[in-house]
Amino acid sequence: MTITTYIKLRLIIYTGKGGTGKTVTSCSTAIKLAEHKRKTLVISSDPAHTLGDAFMMPNIGYEPQEILPNLQVLQIDPVTEMSKQYDTILSYMASIFSAKGIDETLAYEIAMLPGMTQLFSLLKIEELVRIKTFDAIVIDMPASGEALRYLYFPKLVGSIGRKLTGLVGMFSGVARMFQPLSKIPAPSKGVLESEYELLDRLEYLSEIIRNSDMTSIRLVTNPDTFSIENAKRAFMSASLYGINVDLAIINKIMPHETSNQYYANWAEFQKTKVEEARANFYPLPVKEILLHRTELRGLEMLTANGELIFGNEDPAKIYYRGKPFNFANEENSLRMTVKVPFTEKDDFDLERYGDQLTIKVKNPVGYVVNIVPLPSATIGMKLAKAKLNGDELNVLFEKNV
Ligand SMILES: Nc1ncnc2c1ncn2[C@@H]1O[C@H](COP(=O)(O)OP(=O)(O)OP(=O)(O)O)[C@@H](O)[C@H]1O
Ligand SMILES: [Mg+2]
């Protein structure tokens, strides 16, 4: 099946640092989508109860459940998904380890390599897309810089190919490291078939995720240095992986409060952070959401929050489409092009600190600082040239020799 067979689906993925508001934003978005008469599903693969806590509905479980007209919610249980669908592969992997004399319980533990649970949650998404029940799926991704990598994983595995060098091959390789000389049990026909099916599904998933008509990543951040940097890095990685990012949401901004100096100071600080965030997410559209009076949860507050974020807009809209970061590999160098929120040629200062570039630009109210995260490929390279071309910064890195 190709992707064009089901193009009307919108897949919206929220990501950001822990506690920034991914879950509540996902729920509010889903409520709004349902109001727009889209058959919507909001899912989370976070530890149990996440959606139940947000909606204040303790019974939300591992099967889709309708909580409003057009709105279903689902808590993914990666372990159930895994054992339901990939029992064969998992037990083969475990048998490899136990053949090496590793205790069976431990063997299962080791076979669940890091990232496996995320991967199986993603496969659930593939299944949901394939069954074509929904017009919109909102995904509340767990807080982890790693999460994006798993979104890319399908492409990676797909490109390894359909030879026996696929998953089973990889895992027997791991087993070999444990005990190089002994024999590894041969995978059964069932295991190989499961593996091929898995590769097919991963390829389809990869197509879904990199189709910008269908899938958007949205960044959730707060007006603080840490979460902005985290989101900025996710923005860069998504571009690197060819996944479209269409919107950034700065959440939990304190309202201006004049009577209390303590809060006034915070509000002032956050104002500079919001400005910084806007510069850093350029050219993405940015939405600012205030900190509510009390903890944001329950249907009523989530609905009101959806109104604050989207107003009359349809959240399924693709807010931005483009390539804010571009990477070109040359023989001993890497050329990176980044869109920046200024165009004056002489007025910027560029400095590299480890895996990020800091661009300082003078403007009438002071300095705007733009932090550009660098891809890992630039480790061991030096910054050779930088040039501004309109709103594009062109940076050349060269391998150290
Ligand atoms: N605009 C807001 N106003 C008031 N409270 C908020 C707002 N946004 C989020 N919260 C509260 O902040 C807390 C964290 O929100 P949420 O669980 O959505 O974040 P998260 O990014 O999903 O966190 P995690 O990384 O742990 O999954 C919750 O208690 C939520 O109610
Ligand atoms: Mg959450």
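Details of the structure are given in the entry above.
Residues numbered from 1 in each chain as written. Chains lettered and ligands numbered in written order. Predicted model: local features only at pLDDT ≥ 70, side-chain atom pairs only at ≥ 80, totals over all residues. Heavy atoms only, no water.

A.B. asks: An account of the packing of helix H9 (residues 225-241) against helix H10 (residues 261-281) is needed here, citing residue identities and associated values.
C.D. replies: Between H9 and H10, the shortest axis-to-axis distance is 10 Å and the interhelical angle comes to 10°. The angle between the axes of H9 and H10 places the two elements in the roughly parallel class. Side by side, H9 and H10 meet where Thr225, Ile228, Ala231, Lys232 and Phe235 of the first sit next to Lys273, Ala277, Asn280 and Phe281 of the second. Split by residue class, the contact of H9 with H10 holds five nonpolar, two polar and two charged. (Axes fitted to C-alpha atoms, helices over the stretch in contact; angles between N-to-C directions. Helix = DSSP H or I, 4+ residues; strand = E, 2+ residues; numbered from the N terminus. Parallel < 35°, antiparallel > 145°, perpendicular 65-115°, else oblique. Contact = heavy atoms within 4.5 Å. Nonpolar A, V, L, I, M, F, W, Y, C, P; charged D, E, K, R; others polar.)

A.B. asks: So what's going on with the side chain of Ser26? Residues and values would help.
C.D. replies: Here Ser26 is to be found in helix H1 (residues 22-35). Here Ser26 falls in the buried class, since its relative accessible area comes to 0%. Leave out the neighbours within four places in its chain, and Ser26 touches Tyr14, Val42, Val138, Ile139 and Asp140. (Buried < 20%, exposed > 50% of the residue type's maximum accessible area, 1.4 Å probe, protein only.)

A.B. asks: Got a sec to walk through the sheet that holds strand S6 (residues 215-221)? Specific residues and values, please.
C.D. replies: If you trace the eight strands from one edge of the open sheet to the other, you get S3-S4-S2-S5-S1-S6-S7-S8, paired in mixed fashion. Both edges of this open sheet fall to strand S3 (65-68) and strand S8 (286-290), since each of them pairs with a single strand only. Averaged over all adjacent pairs, the angle separating strand axes in this sheet is 25°, with direction ignored. Pairing of strand S1 (residues 10-15) with strand S5 (residues 136-140), which is carried by five bridges, proceeds in the parallel orientation. Each bridged residue has a counterpart across the sheet, and for Leu11 the counterpart in S5 is Ile137. Sitting on the sheet, H1 is in contact with S1, strand S2 (40-44), S3, strand S4 (71-75), S5, S6 and strand S7 (245-253), with an inclination near 170° to S5. (Pairing = 2+ DSSP bridges.)

A.B. asks: Now, about the pattern of salt bridges: what can you tell me, with residues and values included?
C.D. replies: For the structure on display, the rule yields 17 salt bridges. Salt bridges linked by common partners bring Arg10, Arg218 and Asp246 together as one network. (Salt bridge = Lys/Arg side-chain N within 4 Å of Asp/Glu carboxyl O.)

A.B. asks: Tell me what's going on with the site of ligand 1, and back it up with residues and numbers.
C.D. replies: Taken together, 18 residues sit near ligand 1, with Lys22, Thr23, His292, Glu295 and Leu296 positioned nearest. Lys252 places a side-chain nitrogen or oxygen 3.1 Å from an oxygen atom of ligand 1. Considering ligand 1 on its own, with 630 Å² of exposed area, one finds that the protein chains cover 79% of that surface. Listed by contribution, the elements that provide at least two residues to the shell around ligand 1 are H1 and S7. Residue contributions to the shell around ligand 1 peak at three residues, all from H1. Looking at the shell around ligand 1 residue by residue, the classes come out as five nonpolar, eight polar and five charged. (Near = heavy atom within 4 Å. Polar contact = N/O pair within 3.5 Å; in protein donor to acceptor, adjacent residues only side chain to side chain. Areas by Shrake-Rupley, 256 points an atom, 1.4 Å probe, with all protein chains shown as cover.)

A.B. asks: Can you lay out H9 for me, pointing to particular residues and giving the numbers?
C.D. replies: For H9, spanning 17 residues, the distance from its first C-alpha to its last is 24 Å, which sits close to the expected 24 Å at 1.5 Å a residue. Along H9, the positions that sit buried rather than exposed are Ser227, Ile228, Ala231, Lys232, Ala234, Phe235, Met236, Ser237, Ala238, Ser239 and Tyr241. Sitting at the head of H9, Asp224 places a side-chain oxygen 3.1 Å from the backbone nitrogen of Phe226. Backbone geometry just after H9 places Gly242 at a positive phi near 75°. (Expected span 1.5 Å × (residues − 1).)

A.B. asks: Tell me about the nonpolar core, and name the residues and values.
C.D. replies: Ile43, Ile137, Leu219 and Phe281 are the most contacted members of the largest nonpolar core, which has 57 residues in total. Residue contributions to this core reach at least three from each of two domains, namely domain 1 (7-79 + 115-148 + 208-310) and domain 3 (325-399). (Core = buried A, V, L, I, M, F, W, Y, C linked by side-chain atoms within 4.5 Å. Domains from an automatic or database assignment.)

A.B. asks: Lay out the sheet that holds strand S14 (residues 381-389) in plain terms, naming residues and giving numbers.
C.D. replies: Strand order in the open sheet formed by four strands is S9-S10-S15-S14, with antiparallel pairing between adjacent strands. Across the chains shown, the open sheet's two edge strands, defined by having one partner strand only, are strand S9 (325-330) and S14. Across the sheet, the mean angle separating the axes of adjacent strands is 15° when strand polarity is ignored. Note that S9 and strand S10 (residues 333-339) share six bridges and pair antiparallel. In the strand pairing of S10, Asn329 is matched with Leu334.

A.B. asks: Run through the packing of aromatic side chains, naming residues and quoting values.
C.D. replies: Counted under the stated rule, the structure contains five aromatic pairs. On the basis of an interplanar angle of 85° and a centroid distance of 5.3 Å, the ring pair of Phe235 and Phe325 is categorised as edge-to-face. One end of the pair, Phe235, is in helix H9; the other, Phe325, is in strand S9, and 90 residues separate them in sequence. The two residues Phe235 and Phe325 agree in class, both being buried. Ring geometry for Tyr262 and Tyr263: centres 5.1 Å apart, planes at 90°, overall edge-to-face. By relative accessible area, which is 53% here, Tyr262 ends up exposed. In this structure Tyr263 comes out as partly exposed when scored by relative accessible area, which is 39%. Aromatic ring contacts, followed pair by pair, group Phe235, Phe325 and Phe327 into a single cluster. (Phe/Tyr/Trp six-rings, centres within 6.5 Å; stacked < 30°, edge-to-face > 60°.)

A.B. asks: Help me get a handle on empty space enclosed by the protein, residues and values and all.
C.D. replies: Taken as a whole and assessed by the stated rule, the structure comprises one cavity of 30 Å³ or more. Reported here for the largest cavity is a volume of approximately 50 Å³. Going through the elements one at a time, helix H5 (116-130) and S5 are the ones with two or more residues in the lining of the largest cavity. Element by element, the count of residues in the lining of the largest cavity is highest for H5, at four residues. Grouping the amino acids of the lining of the largest cavity by side-chain chemistry returns seven nonpolar, three polar and one charged. (1 Å grid on protein atoms, 1.4 Å probe; cavity = no way out; pocket = protein on both sides within 12 Å on 5 of 7 lines; lining within 4 Å. Points joined across faces, edges and corners; volume = space filled by probe spheres on them.)

A.B. asks: Could you give me a rundown of the environment of Thr40, with the residues and numbers involved?
C.D. replies: One can find Thr40 in strand S2. Taking the relative accessible area as the measure of exposure, Thr40 reaches 0% and is therefore buried. Once the C-alpha coordinates of Thr40 and Val138 are considered, the two residues, 98 residues apart in sequence, prove to be 7.6 Å apart. Sequence-distant contacts of Thr40, defined by excluding residues within four places in its chain, comprise Ala30, Leu33, Ala34, Asn70, Leu71, Gln72, Phe134, Ala136 and Val138. Among the polar contacts made by the side chain of Thr40, one reaches the main-chain carbonyl oxygen of Arg38 at a distance of 2.8 Å.

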